[in-house]
Amino acid sequence: MSKPGFNICLGPDSVLLKEHINSLLAAYKPDPAADAGGPGSLLGDGQKDGQAGASNWETCVFWGDEPLGETFWEKLTLQGLFAQPRVVILRNAQNVNADGLKRISNALASISGQIWPFLCFEVDFEYGKAKIPAHISKLQCVQFAQKQGWYREVPPLSPRDVRGFVQAEAQRQNLSFSPQDLDTLARSMQPDAGTIRLELQKIALACPDGRLTPEALSMLNYQADMDIFAFLQGLQSGRNPGAIWAQYQKDHASAADSGLFSFSAMLLREARIMWQILAGEPTSKMPPQALSAKTVLARKLGYTGVSKIWDLALAADKGVKSGERSPQQAFERLIAELFRLFGAV
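Quick notes on the rules
- Just so you know, the residues in each chain are numbered from 1, in the order the chain's sequence is written.
- Given that this is a predicted model, residues contribute local features only at a pLDDT of at least 70 and side-chain atom pairs are listed and counted only at 80 or more, while totals for whole chains, interfaces and linings are drawn from all residues.
- Think of the side-chain values as coming from all heavy atoms in the structure, minus any hydrogens and water.
- In this text, helices come from DSSP runs of H or I with a minimum length of four residues, and strands from runs of E with a minimum of two, each type numbered from the N-terminal end.
- Relative accessibility under 20% of the residue-type maximum defines a buried residue, over 50% an exposed one, and the middle range a partly exposed one, all with a 1.4 Å probe and only protein chains included.
- Should any heavy atoms of two residues lie within 4.5 Å, those residues are counted as being in contact.
- Reported accessibility uses the Shrake-Rupley method at a 1.4 Å probe radius. Residues are deemed covered only where the shown protein chains occlude them.
- By this definition, two strands are paired if DSSP reports at least two bridges between them.
- Buried Ala, Val, Leu, Ile, Met, Phe, Trp, Tyr and Cys residues that are joined via side-chain atoms within 4.5 Å together make up what is termed a nonpolar core.
- The salt bridge criterion pairs a side-chain nitrogen of Lys or Arg with a carboxyl oxygen of Asp or Glu, the two atoms within 4 Å.
- Fitted lines through C-alpha atoms serve as axes, helices being fitted only where they are in contact, and the angles separating the N-to-C directions of these axes extend from 0 to 180 degrees.
- Note: crossing handedness is left-handed where the near helix turns anticlockwise from the far helix by less than a right angle, and right-handed where it turns clockwise.
- By this rule the span expected of a helix is its residue count minus one, scaled by 1.5 Å.
- Definition of a polar contact: a pair of N or O atoms within 3.5 Å, with one able to donate and the other able to accept a hydrogen when the atoms are protein atoms, and with sequence-neighbouring residues admitted only if both atoms are side-chain atoms.
- Planes of paired rings set the category: under 30 degrees apart is stacked, over 60 is edge-to-face and the rest tilted, where pairs are Phe, Tyr or Trp rings (Trp by its six-membered ring) whose centres lie within 6.5 Å.
- In this analysis the charged atom, NZ for Lys or CZ for Arg, is taken to sit over a ring once it is within 6 Å of the ring centre and within 35 degrees of the ring normal.

K.L.:
Help me get a handle on the overall build of the protein, residues and values and all.
P.N.:
Per the secondary structure count, the protein includes 14 helices and eight strands. Put simply, the protein has 345 residues, and 43% of those count as buried. Considering only contacts within the protein whose residues lie at least 6 apart along the sequence, 69% involve residues at least 24 apart. Here the protein has roughly 18,400 Å² of accessible surface; of this, 51% comes from carbon and sulfur atoms.

K.L.:
So what about the pairing of strand S1 (residues 7–10)? Which residues, and what values?
P.N.:
Across the two faces of S1 the burial is the same, with Asn 7 and Cys 9 and Ile 8 and Leu 10 all buried. Looking at chain direction, S1 and strand S5 (residues 115–121) are connected through four bridges and run parallel. Paired with Cys 9 across the strands is Cys 120, a residue of S5. The pairing of S1 with strand S8 (residues 151–153) spans three bridges and is classified as parallel. Its bridge partner being in S8, Leu 10 is matched across the sheet by Glu 153.

K.L.:
Describe the nonpolar core, naming the residues involved and giving the relevant values.
P.N.:
Trp 116, Phe 118, Val 166, Phe 177, Ile 196, Leu 200 and Ile 203 are the most contacted members of the largest nonpolar core, which has 34 residues in total. Elements that contribute at least two residues to this core include exactly helix H1 (14–27), strand S4 (86–91), S5, helix H6 (162–172), helix H7 (179–188) and helix H8 (193–206). Sort the elements by how many residues they give to this core and H1 lands first, with six residues. If near-sequence neighbours (up to four positions away) are discounted, Phe 118 is found in contact with Asn 7, Cys 9, Ile 21, Leu 24, Leu 25, Val 87, Val 88, Ile 89 and Leu 90.

K.L.:
Hey, could you go over the pattern of salt bridges for me, with residue numbers and the actual values?
P.N.:
Should their charged atoms come close, side chains of opposite charge can pair. Per the counting criterion, the structure on display carries 13 salt bridges. For Glu 270, the salt bridge identified is with Lys 294, shortest N-O distance 2.7 Å. Of this pair, Glu 270 sits in helix H12 (residues 260–279) while Lys 294 sits in helix H13 (residues 288–321), and the two are 24 residues apart along the sequence. The exposure class assigned to Glu 270 is buried, which follows from its relative accessible area of 4%.

K.L.:
I'd like a rundown of the packing of H6 against H7, residues and numbers included.
P.N.:
One can describe the packing of H6 onto H7 by two numbers: an axis separation of 9 Å at closest approach and a directional angle of 120°. Where H6 crosses over H7, the two elements pack in a sense that is right-handed. On H7, the residues that touch Val 162, Arg 163, Val 166 and Gln 167 of H6 are Pro 179, Leu 182, Asp 183, Leu 185 and Ala 186.

K.L.:
I'd like a rundown of H1, residues and numbers included.
P.N.:
Spanning 14 residues, H1 covers 20 Å between terminal C-alpha atoms, matching the ideal 20 Å at 1.5 Å per step. Buried residues along H1 sit in contact with S1, S4, S5, S8, H6 and H8. The backbone nitrogen of Val 15 lies 3.0 Å from a side-chain oxygen of the residue at the head of H1, namely Asp 13.

K.L.:
With reference to specific residues and values, describe the packing of aromatic side chains.
P.N.:
All told, the structure shown has 10 aromatic pairs when counted by the stated rule. Relative to Trp 116, the ring of Tyr 28 has its centre 5.7 Å away and its plane inclined at 85°; by these criteria the two rings are edge-to-face. Taken as a pair, Tyr 28 in the loop between H1 and strand S2 (51–52) and Trp 116 in strand S5 lie far apart in primary sequence, 88 residues in all. An identical accessibility class is assigned to Tyr 28 and Trp 116; each is buried. Each ring, one from Phe 62 and one from Phe 72, has its centre 5.2 Å from the other, and the planes form 80°; the classification is edge-to-face. Highlighted residues: Phe 62 in strand S3 (residues 58–63) and Phe 72 in helix H2 (residues 70–77), separated in sequence by 10 residues. For the pair Phe 62 and Phe 72, a shared accessibility class is recorded, and that class is buried. Put simply, the rings of Tyr 28, Trp 57, Trp 116 and Phe 118 touch in pairs and so form one group of aromatic residues. The ring of Trp 73 carries the charged tip of Arg 103 above its face, separated from the ring centre by 3.8 Å.

K.L.:
Explain the environment of Gly 5 to me, using residue names and the numbers behind them.
P.N.:
With respect to the secondary-structure elements, Gly 5 resides in the segment before S1. Classification of Gly 5 by relative accessible area gives buried; the value is 18%. As for Gly 5 and Gly 113, which are separated by 108 residues in sequence, their C-alpha atoms are 7.0 Å apart. When sequence neighbours within four positions are dropped, the list of residues in contact with Gly 5 reads Ile 111, Ile 115, Trp 116, Pro 117 and Trp 150.

Here it is as structure tokens:
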């Protein structure tokens, strides 16, 4: 059975995209006469151009965040002297400009049989479908891939998927857990395949015999970030954001800095997003409802208010590091100043 001419992959989780691509490469092995190579990791995880991929393909990885130079076009369109089967993977293809995507689409119409391109659109999902701009969905290569069955949406893990993924990944790493420990691990993990894999690798290092110990389990006390924006909205609207605040204090009760620096980092992140909104700059991916709410608050604060957030966070940081205040004192002062700032807008 011949391989697909090319593949379109869509999804926000690079680990799941990599697994999908590896499964295809394993199913369609290249010509045995091609140079063999050891197993490799795809999607740019430390692999360099020219190394053999999961099924002895020569693998070349490029990124849509960067200008596509001549090397990319040569790898995509030119067959090597010895006709070595080649996989060309373009990560973050959604960041390629419209002209570049049209040029890629035209090139895919007459691609060599010894070259296997993968376009990875690493986009969020909304209502169970990959969210892509209209200029991408209208590309001839995308529409053709959909008709041929070469188009695959790879959804992110949902909270319901975490337990099964943890179990499968544990088996892959030769780890054995009791059902109770498996449940504990699943509750401790966020629904992100890369994070789960890294956490289980930590366990594998801590438990060489593959059996989970209480010490290893204590390494996985994952704490979700406080919903800092919901807290700021509560301050601005006059509602009491006490439940969010109480949970944050509980989670960081044992921290030497009372969670001040973690809180400051989240606060500065929100300030940066609101500044980008005011300046009309691209912001990090977020659901439309969240973007709308942040836009409303950013406009109420204005540049002066957003700048004040930076001043307050940096003043708290300086107060602790200079010895002028304890972390608890700096934290209390920061919260009081935030109440004053947001209460005025």
